[in-house]
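Chains, contacts and geometry: an overview
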Amino acid sequence: MKSAATVQKKRSRRSLSKTDRFTLATFVGIPTLLQIILLWVPAVVTIILSFTYWNGIRLKDIQWAGIQNYKNIFVNNPLFYQALKNNAIWLAFFVLIATPLGILLAYQIDRGIKGHAFYESIYYLPVVLSLAVIGIIWNFMLQPGGFVQGLMGRDIGNAISIWGNPKINTWVILGIASWRHIGYIMLLYLSGLKSVDPALKEAAAIDGATDWEIFRKIILPTMKPVNIIIVVITLIESLRAFDLVYIIYGSPTIFPLLNLLVFQNFAGQGISMKGAAYAVILLLLCIVPIITYLRISFQEDIK
Amino acid sequence: MSTAVVQSAEYRNNQKRKDTFISIFIGIFAFVWIFPILWTVWTSLRPYNDIISYGIFSWPRRLTFDNYINAIREMKIGVYLLNSLLVTVPSVILTLFFGSLVAFVVTRYQYKFNLWILLLFTAGNMLPIVLTYIPVFWMFIWIGELFGNRNLLYNNYGGLILVHVGFQVGFATFVLSSYMKTIPKEISESATIDGANVFRHYWNVILPLLRPALAALSVLMTTWIYNEFFWALVLMSDDSKRPITSALRRLQGQYVTDFNLLAAGAIIAAAPTVIMFFVLRKQFIAGLTLGSTKG
Amino acid sequence: MSEEKNIVSRRSVLKGAAVGGAALAAGSSLSAGTASAATRLKGSTVKWTTRGGGATGDAIAKAVNDAFTKKTGAKVVAQQVNSDDFQNNFAQIMQGSPDDAFGWMAGYRSNHFGEMGLLADLTREIGRLKGSLPTAAIKGATSPVSKKPYIIPTTYYPWALHYRKSMVKEIGMNPEKIDTWDDFVKLMTLTQKKGLVGYSLGAKGGWEAMGTFDVLNARVNGYKYHIDLLNGRAKWTDARTKETFKYFAELIPFMNANVMDISWDGMRDLLLQKKTGAMLMGSWFANDFKAKSQADYDDLWVVPFPQINPKFGIDTIDAPLDGVSVAKNGKNVDGGKALAEFWASPEGIAQAVKAGDTNIYVSKSFDTSGYDSFNKQKLAVLAAAKNIMFFLDRDARGDFAGPIVGPAIQNFIKKPSDINKILENVQAQWDALPKQ
């Protein structure tokens, strides 16, 4: 049996004609080339540029800077630390609050409460909206002259500061980002929950286990692969947080984030390669989640 | 035995009460959840003058679709929606096509580099945009100059499509390859034995089998690419060529005090993906499941 | 009008001829249209970008561009863009496929990008307009490094203290006489006592607060020190700079609570809704008052920011100079230059004004005799200053003003006690900047 299969395989490999090999090469080659040119080459260019001084316009103006840009960022720039803090808070919030809420929501909906398909859709709705739209929606809610201000009886003159108040704005922004993230996590988890054997749950329930114990001892372990994926997605989404804050503020000075700092420095009117350095720092932060994701997703293939 | 029965009856009653409580809670929570969207829709249906004269909480004297008509007329929303279409549809098709090609080679044929290609593609999908966007811009200009036309890629739908494809093809490849692994090897082997070359193998044998995955993925991809607004801001200098999501930036600045008009514009911009979500919900969820949970 | 007399008498203190600004003649001889290359351009297409401005901006552009088409036979394709996005992506847009001509700003933004080869040299066009453009304006549009102009100057406006005459009267002060620091503080104090905001500021955009800093620094330490500071010849950690921030800190208690939440339009709205005593801003927003109602517009008044140090009086003002630039990478540079020249010519200006442009033009042909009292006051405010600055983010290099000074001022407003640390930091970041 085995030899016949191997003979077949050998035959099929040997029977790959030149055209076939060319087709295969094109099939893989063109997309790979596209990827490399559009993603990896620019990434490397950015990394290299982070070690230079340049104003981004004339090639002849490039000067070697070594690690000066990095030094400048770490030593002289308080915005950088504010951004790191905000990115860290974003991450912690997503990991500790938003994602668990999504999981909790998924669990409750999965238990078959009435109208769960309807609720699924509602909770997921923010995810299908563009962040440009979300920015407008929440501006209507929160800006001076908006809904929340109106509720409190304040108009534009005495509106309380939301976007600008550093004590409040972090939580507001995280709230809006979570509004979206929770729905996303919920849906992911829901689909995973469907694969948990209901009989197991029933049995444990009859044995007197509380909901929490059922969740912890039966569901969580079964969902292990999904859990890990969700953690990684949470990490990556929080590091990539950019669109929402860009839409609300446009510039990174009030609520700095690493991506916004890149944008402010790498483009526009005051270009400096500090922007490239910020981008590289961001990349370094993303590498750990990315590698974790790769290892988990491909662990069978790697073996 | 009897204690178990008694326990389970008590348990079931408890559960019922808990369940009703939770249902109510989730129901209320859902309303709060969707309230901002409802408020925007509400704002879009009220005439501007009403709000100015009577405030935002006033009981409506009349509801109207005027804002929508004005939005389409004044804000040229039709043009922007068309742009979105012109960019999204080719991007999705190309992404799925390329993704399926790579997934096909990598799962159907044994090559040493298979794993590396998969790693490359999957990792590429997760790189932060800001890392690459300026060099991409330079590259587009430089390539354009090589061919004598700066607008070959920059400020050109083609360039924007290319960028979207580049960024999304990694996810498509990953998902399609996991899906393809579930297609039995025998099918491929019998195709080869029947004398099909690689192309026929792909086109006639594998591709039809991918339909469910492609359907699911296409819904997902369309949503993501349609919602994306950043690339067009960088790569399209002609405002009239931008997709609706990018144009919203300009409109938001221009109509900052005209809430109702802006609300109508936002709702119109959101409509395509929302409608698609409700109509194709199953595919949507399937796409997400394929992508994030394995098997 | 009696108000005019008062304006004149204030001016006589300082012999109005502004050195850095434009001397505006009230003559109305529109010089003959500058002869652009009319026949050469016939049939070609020129592309124009309007930076913001809404419906009025489009109307003005249409009027001027149509007149240009009539004159030269060249077609003009115009688009309006979001001003912030245009600025934020300026380097990319200029290197890509930009429109041929567009409204732009003098100072670093035209000098730097001109020297980098992205903006066209407009010496010839300015040469042809020499009759109608004051020397000071031409000087303001010329790069000090390459000695070439990359922008043709058209309009400017003062950054000054605005308030509503009715509100000042209500607190028992004379709206015609707010000219000392004590008057100013009194105005804010009394307004605040009534439960309103004393001094409105919206710093969300990062640049608005620079206006306050600019004028305070010029009042306390003089024009030369301010320019030196922005160019690294004076230090941010110097005691003199700290002195400026001491005055700035005095203003903070009078400010609105939501400073970081609103931008310049929020500031304007506060004044429009009679919720604030005073506001330092560029006068461009007056159109919005007029659009609301003539009564609101008539109630609006503007004076130079009051004197602090008698050595410097009120000799300096932020009066940003705007103009028209031509992109070197445009498809039709020749056409762009001609269009730019037309926009800045008396003919073009007349069209713009007719279509509703309320800006002050530097051109000598600009007729101000029909000006209403507010606009005449604007002129007086401008004329009262000897030295003209363009605003911090136009006078300082782009990678310093926006990313470094803007946030520093914002952080100061949030926590004034941190000022020493903040200034040390700004100086350190200046020192770390690469040579340009």
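Residues numbered from 1 in each chain as written. Chains lettered and ligands numbered in written order. Predicted model: local features only at pLDDT ≥ 70, side-chain atom pairs only at ≥ 80, totals over all residues. Heavy atoms only, no water.

So, the overall build of chain B
Selection criterion: Helix and strand definitions follow DSSP, with helices as H or I runs of at least four residues and strands as E runs of at least two, each counted in order from the N terminus. C-alpha atoms define the radius of gyration in this analysis, and the globule rule sets the expected value at 2.2 Å times the number of residues to the power 0.38.
Counting its regular elements, chain B contains 14 helices and zero strands. Traced from its N-terminal end to its C-terminal end, chain B shows the element sequence α-α-α-α-α-α-α-α-α-α-α-α-α-α. Here chain B has a C-alpha radius of gyration of 25 Å; the compact-globule value for 295 residues is 19 Å, and the former is much larger. Dimensions of chain B, computed from C-alpha atoms along their principal axes, come out at roughly 85 × 75 × 35 Å.

Remarks on the overall build of chain A
Note the following rule: Here the term buried applies to any residue with accessible area under 20% of the maximum for its type, exposed to any over 50%, and partly exposed to those in between, with areas from a 1.4 Å probe on protein chains only. In short, Shrake-Rupley with a 1.4 Å probe defines the accessible areas, and a residue's cover is counted only from the protein chains shown.
Scanning chain A from N- to C-terminus turns up 15 helices and two strands. Expressed as a percentage of the 303 residues in chain A, the buried residues total 60%. Surface accessibility of chain A: about 12,800 Å² in total, with carbon and sulfur atoms responsible for 67%.

What about the packing of helix α2 (residues 54-72) of chain C against helix α16 (residues 333-344) of chain C?
Angle between the axes and distance between the axes: these two values describe a pair of packed helices. Residue and element names in this part refer to chain C. Note the cut-off: Note on geometry: axes are C-alpha line fits, over the in-contact stretch for helices, and angles between N-to-C directions span 0 to 180 degrees. Definitions for this section: a left-handed crossing has its near helix turned counterclockwise from the far helix by less than a right angle. A right-handed crossing has that turn clockwise. Contact criterion: two residues are considered in contact whenever any of their non-hydrogen atoms come within 4.5 Å of each other. Amino acid classes used here: Ala, Val, Leu, Ile, Met, Phe, Trp, Tyr, Cys and Pro are nonpolar; Asp, Glu, Lys and Arg are charged; the rest, including Gly, are polar.
With their axes 10 Å apart at the nearest point, α2 and α16 run at an angle of 115° to one another. Handedness of the α2/α16 crossing: right-handed. Here Ile60, Ala61, Val64, Asn65, Ala67, Phe68 and Lys71 of α2 lie close against α16, whose contacting residues are Gly335, Ala338, Leu339, Phe342 and Trp343. Residue classes in the contact of α2 with α16 are distributed as nine nonpolar, two polar and one charged.

Observations concerning the pattern of salt bridges
Selection criterion: Take a side-chain nitrogen of Lys or Arg and a carboxyl oxygen of Asp or Glu: if they are within 4 Å of each other, that pair is a salt bridge.
In the structure shown here, the tally under the stated rule is 23 salt bridges over all chains. Close ionic contact of B:Arg242 with B:Asp239 constitutes a salt bridge, the shortest N to O distance being 3.5 Å. In this structure B:Asp239 comes out as buried when scored by relative accessible area, which is 3%. C:Arg233 is paired through a salt bridge with C:Asp228; the nearest N and O atoms lie 2.8 Å apart. One network of salt bridges, with partners in common, ties together C:Arg124, C:Glu125, C:Arg128 and C:Glu341.

Here we look at unusual backbone geometry
With phi around 55°, B:Lys76 is a residue other than glycine that occupies positive phi space. If you trace the backbone, B:Lys76 turns up in the loop between α3 (66-74) and α4 (77-108). The backbone of C:Lys147 sits at a positive phi, close to 60°, despite the residue not being glycine. Looking at the secondary structure, you find C:Lys147 in the loop between α7 (135-141) and β4 (152-156). For C:Lys147, a relative accessible area of 62% corresponds to the exposed category.

Considerations on the pairing of strand β5 (residues 159-164) of chain C
All names here are of chain C. Here is the rule: For two strands to be treated as a pair, DSSP must find at least two bridges joining them.
With six of six residues buried, β5 is to be regarded as a mostly interior element. Where β5 lies against strand β8 (residues 300-303), four bridges are found, and the strand directions are antiparallel. Across the sheet, Tyr163 pairs through a bridge with Trp301, a residue of β8.

Details of the interface of chain A and chain B
The condition is simple: As used here, buried area is the combined drop in accessible area, with a 1.4 Å probe, of two parts when they are placed together. Residues adjacent in sequence count toward polar contacts only when both atoms are side-chain atoms; beyond that, a polar contact is any pair of N or O atoms within 3.5 Å, and within protein one must be able to donate a hydrogen and the other to accept it.
Taken together, the contacts link 99 residues of chain A with 96 residues of chain B. Summing the contributions of chain A and of chain B, the shared interface buries around 9,000 Å²; its carbon and sulfur component is 76%. Its largest share of buried area at the contact with chain B, chain A owes to A:Phe27, A:Leu38 and A:Phe140, together 8% of the area lost on that side. In this assembly, chain A and chain B are joined by one salt bridge. The salt bridge partner of B:Arg281 is A:Glu120, with a shortest N-O separation of 3.0 Å. Where chain A packs against chain B, one counts twelve residue pairs in polar contact (both at pLDDT 80 or more).

Re the confidence of the model for chain B
All names here are of chain B. What counts, and what does not: The predictor reports its confidence for every residue as pLDDT, a score running from 0 up to 100.
In this model, chain B carries a mean pLDDT of 83, and residues with pLDDT of at least 70 account for 90%. Element-level mean pLDDT values for chain B span from 68 in helix α2 (residues 48-54) up to 92 in α4. For this predicted complex, the interface score ipTM comes out at 0.81, alongside a pTM of 0.82.

A short note on the interface of chain B and chain C
Across the contact, 17 residues belong to chain B and 17 residues belong to chain C. Together, the buried faces of chain B and chain C total about 1,400 Å²; carbon and sulfur atoms form 42% of this surface. Remark: the boundary between chain B and chain C carries one salt bridge. The shortest N-O distance in the salt bridge between B:Asp238 and C:Lys47 comes to 3.9 Å. Elements supplying a minimum of two residues to the side of chain B that touches chain C: α6 (133-146) and α12 (244-254) of chain B.

Let's talk about the side chain of C:Ser110
Assignment of secondary structure puts C:Ser110 in helix α5 (residues 108-115). Excluding residues that lie within four positions of it along the chain, C:Ser110 makes contacts with C:Trp104, C:Met105, C:Leu119, C:Tyr150 and C:Ile151.

Things to note about the nonpolar core
Nonpolar side chains in soluble globular proteins tend to end up buried together. Convention followed: We define the nonpolar core as a collection of buried residues of types Ala, Val, Leu, Ile, Met, Phe, Trp, Tyr and Cys that are connected through side-chain atoms lying within 4.5 Å of one another. For the domain bounds, the source is a domain assignment made automatically or taken from a database.
Ranked by size, the top nonpolar core spans 341 residues in total, and within it A:Trp90, B:Tyr133, C:Tyr199 and C:Ile413 carry the most contacts. Broken down by element, this core gets its largest block of residues, 15 residues, from helix α8 (residues 166-193) of chain A. Looking at which domains feed residues into this core, each of domain 1 (2-44) and domain 2 (77-291) of chain B supplies at least three. The contacts of C:Ile413, once residues within four sequence positions are left out, are C:Leu201, C:Ala203, C:Ala209, C:Phe248, C:Ile252, C:Val259 and C:Met260.

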